[in-house]
Amino acid sequence: MAATTVFKGAKSSRWRRFVLKPFVFVQFFFGIGLLAIALKQFRRKNTHPAQSPELIAKDWEILYYRIIPFRAISRAWGWLTNCHLPVWARRPLLGLYARTFNCNLEEAKDGNLDNYSCLAEFFRRKLKNGVRPIDSASAVVAPSDGTVLNFGRVTAGMMEQVKGVSYSLGEFLGPAYWRNGPEVQPAGQTELEYEKSLLVNKDNDLFHCVIYLAPGDYHCFHSPVDWTVNFRRHFPGALLSVNPSIAKWVAGLFSLNERAVYVGRWKHGFFSMTPVGATNVGSIRVYADEKLRTNCTKWALPLPYYDRYMGPTETDSDEIPLHKGEIFGEFNLGSTIVLIFEAPKDFEFKIRPGEKIRMGQPLHVTGSSVKQEAAAH
């Protein structure tokens, strides 16, 4: 009996020495580091004007921020939101969520909270027919509900994620090779050369648009144009928050995060649509691409990216033809959609940074040739 007690005491002592104490020390210094970053950022905001380069996170700050186990946290959150809720708990819990994030239950196809068995099911709620009319005269419509973070022309291979903070087109999309076969990337290619290599019509320009979906928004995303998808590139990446405040702080945020880049053609040439993952986004689901698996462990997906050629082959074709307004996929919780597309030089957006938009509304002005062609059809 005494020997057993001594053994248990020694085992407990070793556990405290080799597990508990190191864990406490790591947590302590980790907390001190995060507090230092927060204080440093607070001082920057008080001493520098808005959009100042000094407000952008330094490399060491981003590295420290990425140490936080966001992927494990997001998987845990995904598990939690899929837990079955007893009927008596659904109305108070889901009602609290709806009130907190201003969810409009009158638009939901099923407005009875008792019919949603878990929080994830409520996230993915469908809308009533007709509450999101698709603008028939516009060639490019909003793919989702959300807030416009930024938009504009791609300049020298760079795009703005928010005003004053840019990221690389090449880093976001990866090698510009969308066909079946070995990758061929020209050595020493500049950002501008990369941008030009995407254009089907050299008289066109590339444009981009970033839309942030908040937790209370409608979580499905739809096709913004008539187009055909023939390639998908999945970057496992990180799962950092894509909240606008983080987007202002971390340059290249969307290039760091997990994302599924869908590439294809529309009537003006190159078109891509990319759902970007984020903290607590349990998964990105694309209905026509059941092979896509997101928010996996690093051991399951160790490579920087994974390509899937979906174009026609000798025996089959996995191309995805999509019509404007057709449902494409869904997020669990909120995240971001990034559109990058080729259009005539006179293409002009009809939106403003920070504007709340709804799926199906037009993204460009009446005067552009894109609009005139859409009206003609």
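Since the model is a prediction, treat every value here as computed from it, not as a measurement. (Residues numbered from 1 in each chain as written. Predicted model: local features only at pLDDT ≥ 70, side-chain atom pairs only at ≥ 80, totals over all residues. Heavy atoms only, no water.)

## Some thoughts on the pattern of salt bridges
So the rule is basically this: Salt bridge, as used here: a side-chain nitrogen of Lys or Arg that lies within 4 Å of a carboxyl oxygen of Asp or Glu. We count a stretch as a helix when DSSP gives it H or I for four or more residues in a row; a strand needs E for two or more, and each element gets its number in order from the N terminus. Here the term buried applies to any residue with accessible area under 20% of the maximum for its type, exposed to any over 50%, and partly exposed to those in between, with areas from a 1.4 Å probe on protein chains only.
Inspection of the entire model under this criterion finds 14 salt bridges. The residue Asp114 makes a salt bridge to Arg91 at a minimum N-O spacing of 3.2 Å. Placement of Asp114 in the loop between α4 (87-100) and α5 (119-123) and of Arg91 in helix α4 is noted, with a sequence separation of 23 residues between them. We classify Arg91 as partly exposed; its relative accessible area is 44%. Among the salt bridges present, the one from Glu330 reaches Arg124, with a minimum N-O distance of 3.5 Å. Of this pair, Glu330 sits in strand β12 (residues 327-331) while Arg124 sits in the loop between α5 and β1 (146-153), placing them 206 residues apart in sequence.

## Looking at the confidence of the model for the protein chain
Interpretation of the predicted coordinates at a detailed level should be avoided for regions scoring low in pLDDT. Heads up, the condition is: On a scale of 0 to 100, pLDDT captures the predictor's confidence in every residue. Between two residues, a contact is recorded if the distance between any of their heavy atoms is within 4.5 Å.
Overall, the predicted model of the protein chain reaches an average pLDDT of 81, with 78% of residues at or above 70. Low confidence marks residues 17-30, where pLDDT is under 50. Its contacts with residues over four positions away, or in another chain, come to 9 contacts. Taken as a whole, residues 36-46 scores under 50 in pLDDT and shows 16 contacts with residues more than four places along the chain or in a different chain.

## What about the UniProt feature "modified residue: Pyruvic acid (Ser)" (unreviewed entry) in the protein chain?
Defined as follows: UniProt positions are given in the numbering used here, feature names are shortened, and annotations may be inferred rather than shown by experiment.
Per the UniProt entry, the sites bearing "modified residue: Pyruvic acid (Ser)" (unreviewed entry) are Ser335 in this numbering. Structurally, the position occupied by Ser335 is in the loop between β12 and β13 (336-343).

## Side note on the pairing of strand β7 (residues 259-266)
Applicable threshold: Here the rule is simple: two strands pair whenever DSSP picks up at least two bridges between them.
Where burial is concerned, most of β7 is hidden: 7 out of the 8 residues are buried. A loop of 2 residues connects β7 with strand β8 (residues 269-276), the two strands running antiparallel in sequence.

## So, the sheet that holds strand β5 (residues 220-222)
Using the following cut-off: For helices, the fitted line uses only the C-alpha atoms of the stretch in contact; every axis is such a line through C-alpha atoms, and the angle between N-to-C directions lies from 0 to 180 degrees.
Judged by pairing direction, the sheet is antiparallel, and its 3 strands sit side by side in the order β5-β12-β9 without closing on themselves. The sheet terminates laterally at β5 and β9 (284-286), the two strands that pair on one side only. Adjacent strand axes in the sheet meet at a mean angle of 20 degrees, parallel and antiparallel pairs treated alike. As judged from the 3 bridges shared by β5 and β12, these two strands associate in the antiparallel manner. Its bridge partner lying in β12, His222 is registered against Ile327.

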